[in-house]
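One letter stands for each residue in the lines below.
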Amino acid sequence: MAIVHARVDERLIHGQVAMVWTNTVGATRIVVVNDAAVKDELIIAGLKMAKPAGVKLSILSLKRAAEKFKEGAYEEDKVFLITKSVPDMARLVADGVSIPLVNVGNVAKREGSRPIKKSVNLTEQDEACVKEILARGIPVTAQMIPNESSQSIENYL
Amino acid sequence: MIGIIVTGHGTFATGLTSGLRLLAGEPSDYEAVDFDPEESLEVLTEDLQNALGRLKECEGVLILADLTGGSPYNTAVRMKLGGLDQVEIIGGASLPILLDAYMSRNMISDPAVLARTSLEAGKSQTICFEAPSEKAAAEEDDEIELDD
């Protein structure tokens with residue numbers, strides 16, 4: 001089965017993600033892909049704590065994640081993939097990880113970013129990455145919570 | 001669909017609802033009933049009755065009251081004892097209980113079952129933080145995979 005939902009969320013696992021999205025997409029495993037997280041004991045402890053009961057968790061670097069997915073490591077699971085940034089998600093896609101849909105849920109305001117909707121602020125680099133993902137035929141949405149519109153992110157750009 | 005009513009002292013109900021809205025979006029088949037202590041119990045009873053009236057299309061109603069034994073709870077209990085069998089009441093409402101009930105009601109059509117499952121889910125999430133012991137960390141290993 002592998003990846004059933006892929007989300008860009010700056011806060012990685014938090015209330016909305018842990019309770020609402022995991023439940024909505026029916027995930028059995030959350031895979032957090034972030035190069036900083038794998039080296040940071042505090043982030044790891046936080047992710048473990050935020051993980052909903054009964055769901056498995058993997059915390060992987062970009063490189064290791066691409067290898068694992070391509071090996072078919074999670075075929076038995078329904079994976080909910082989370083990255084912190086759009087470029088990280090684009091990198092996984094470019095590395096050949098099979099992702100059915102990307103949802104840009106929560107990206108905070110930064111230097112050089114503009115709000116495309118509430119809770120999603122993209123830089124030019126982010127937008128280029130979104131277009132790259134779209135160009136590969138993968139739908140991209142921008143839903144903070146599941147009952148927001150699942151229209152294409154293109155409509156917000 | 002089972003309707004949900006949250007009720008409590010002051011603006012507990014609308015406050016809890018603002019949390020739910022942030023996590024799960026604008027709720028439907030849902031009512032928040034605040035109890036202003038300046039108001040009489042008659043007003044609270046009427047507000048709860050009106051909320052139940054707006055949920056009359058629902059298969060049943062789960063009422064979450066903030067404080068077991070408080071006026072919102074007692075009023076709901078009196079209304080139930082007055083002959084509402086498809087109404088269940090939980091005392092000690094919290095966001096974990098509410099969120100679980102809100103999401104589980106898509107799969108559960110019996111209000112008594114919904115009340116029990118969301119109560120258990122809420123209890124399991126009412127905790128005092130403890131730094132994980134080495135034993136617990138070892139037990140977690142099959143569930144948590146770190147980059148290697």
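What counts as what
- Residues numbered from 1 in each chain as written.
- Chains lettered and ligands numbered in written order.
- Predicted model: local features only at pLDDT ≥ 70, side-chain atom pairs only at ≥ 80, totals over all residues.
- Helix = DSSP H or I, 4+ residues; strand = E, 2+ residues; numbered from the N terminus.
- Rg over C-alpha atoms; globule rule 2.2 N^0.38 Å.
- Buried ≥ 20, exposed ≤ 12 C-beta atoms within 10 Å, placed from the backbone.
- Core = buried A, V, L, I, M, F, W, Y, C linked by C-beta atoms within 7 Å.
- Contact = placed C-beta atoms within 7 Å.
- Pairing = 2+ DSSP bridges.
- Axes fitted to C-alpha atoms, helices over the stretch in contact; angles between N-to-C directions.
- Arc of directions from axis to C-beta.

Chemist: Explain the overall build of chain A to me, using residue names and the numbers behind them.
Modeler: Each helix and strand counted, chain A has 5 helices and 8 strands in total. Tracing chain A from N to C terminus, the helices and strands come up as β-α-β-α-β-α-β-α-β-β-β-α-β. The C-alpha radius of gyration of chain A comes to 14 Å, within 12% of the 15 Å expected for a compact globule of 157 residues. Taken over the C-alpha atoms alone, chain A extends approximately 35 × 30 × 30 Å along its principal axes. Counting across all 157 residues of chain A, residues that qualify as buried make up 39%.

Chemist: Please give an account of the nonpolar core that cites residues and values.
Modeler: In this structure, Val32(A), Val104(A), Leu62(B), Leu64(B) and Leu98(B) are the most contacted members of the largest nonpolar core, which totals 83 residues. For this core, the element with the most residues is helix H1 (residues 12-24) of chain B, which contributes 6 residues. If sequence neighbours within four positions are ignored, Val104(A) has contacts with Val8(A), Val86(A), Val120(A), Val130(A), Val140(A), Ala142(A) and Ile153(A).

Chemist: For the sheet that holds strand S8 (residues 140-141) of chain A, give the residues involved together with the corresponding values.
Modeler: An order of S8(A)-S5(A)-S1(A)-S4(A)-S2(A)-S3(A)-S5(B) is seen for the 7 strands of this open sheet, with the pairing classed as parallel. Of all strands in the sheet, those with a lone pairing partner are S8 of chain A together with strand S5 (144-146) of chain B, marking the two edges. Here strand S3 (residues 56-60) of chain A runs beside S5(B); their pairing, made up of 3 bridges, is parallel. Within the sheet, the bridge partner assigned to Leu57(A) lies in S5(B) and is Ile144(B). Against the sheet, helix H4 (residues 86-94) of chain A contacts strand S1 (2-9), strand S2 (29-33), strand S4 (78-83) and strand S5 (102-106) of chain A, and its axis sits at roughly 155° relative to S1(A).

Chemist: Residues and numbers for the interface of chain A and chain B, please.
Modeler: Facing 18 residues of chain A, the contacting portion of chain B comprises 10 residues. Of all the secondary structure elements, the ones that give two or more residues to the side of chain A that touches chain B are helix H1 (15-25), helix H2 (41-50) and S3 of chain A.

Chemist: So what about the pairing of strand S6 (residues 114-117) of chain A? Which residues, and what values?
Modeler: Residue and element names in this part refer to chain A. Sheet analysis places S6 next to strand S7 (residues 120-122), joined by 3 bridges and oriented antiparallel. Within S7, the residue paired with Lys 117 across the bridge is Val 120. From the end of S6 to the start of S7, which pair antiparallel, there are 2 residues, and Ser 119 there has a positive phi angle of about 75°.

Chemist: Can you break down helix H3 (residues 62-71) of chain A residue by residue, with the values?
Modeler: Residue and element names in this part refer to chain A. Along H3, the residues that are buried comprise Leu 62, Ala 65 and Phe 69. Down the axis of H3, the sector holding all buried residues measures 60°, keeping them to one side. The outward face of H3, more than 90 degrees from its buried face, is lined by the exposed residues Lys 70 and Glu 71. Next to the buried residues of H3 lie S1, S2, S3 and H4. Trailing H3 by a residue or two, Gly 72 shows a phi angle of about 75°, which is positive.

Chemist: For unusual backbone geometry, give the residues involved together with the corresponding values.
Modeler: All names here are of chain A. The phi dihedral of Leu 12 falls on the positive side, at around 55°, and the residue is not glycine. In this structure, Leu 12 sits in the loop between S1 and H1. Overall, Leu 12 belongs to the buried group, with 22 C-beta atoms counted inside 10 Å. For Ser 119, which is not a glycine, the phi torsion comes out positive at approximately 75°.

Chemist: Explain the pairing of S1(A) to me, and be specific about the residues and the numbers.
Modeler: Residues and elements named next belong to chain A. Counting buried positions along S1 gives 6 out of 8 residues, so the element sits mostly inside the fold. In the sheet, S1 pairs with S4 via 6 bridges, with the strands oriented parallel. Among the inter-strand pairings, Ala 6 is bridged to a residue of S4, identified as Leu 81. Here S1 runs beside S5; their pairing, made up of 4 bridges, is parallel. The partner of Ala 6 across the bridge, within S5, is Val 102.

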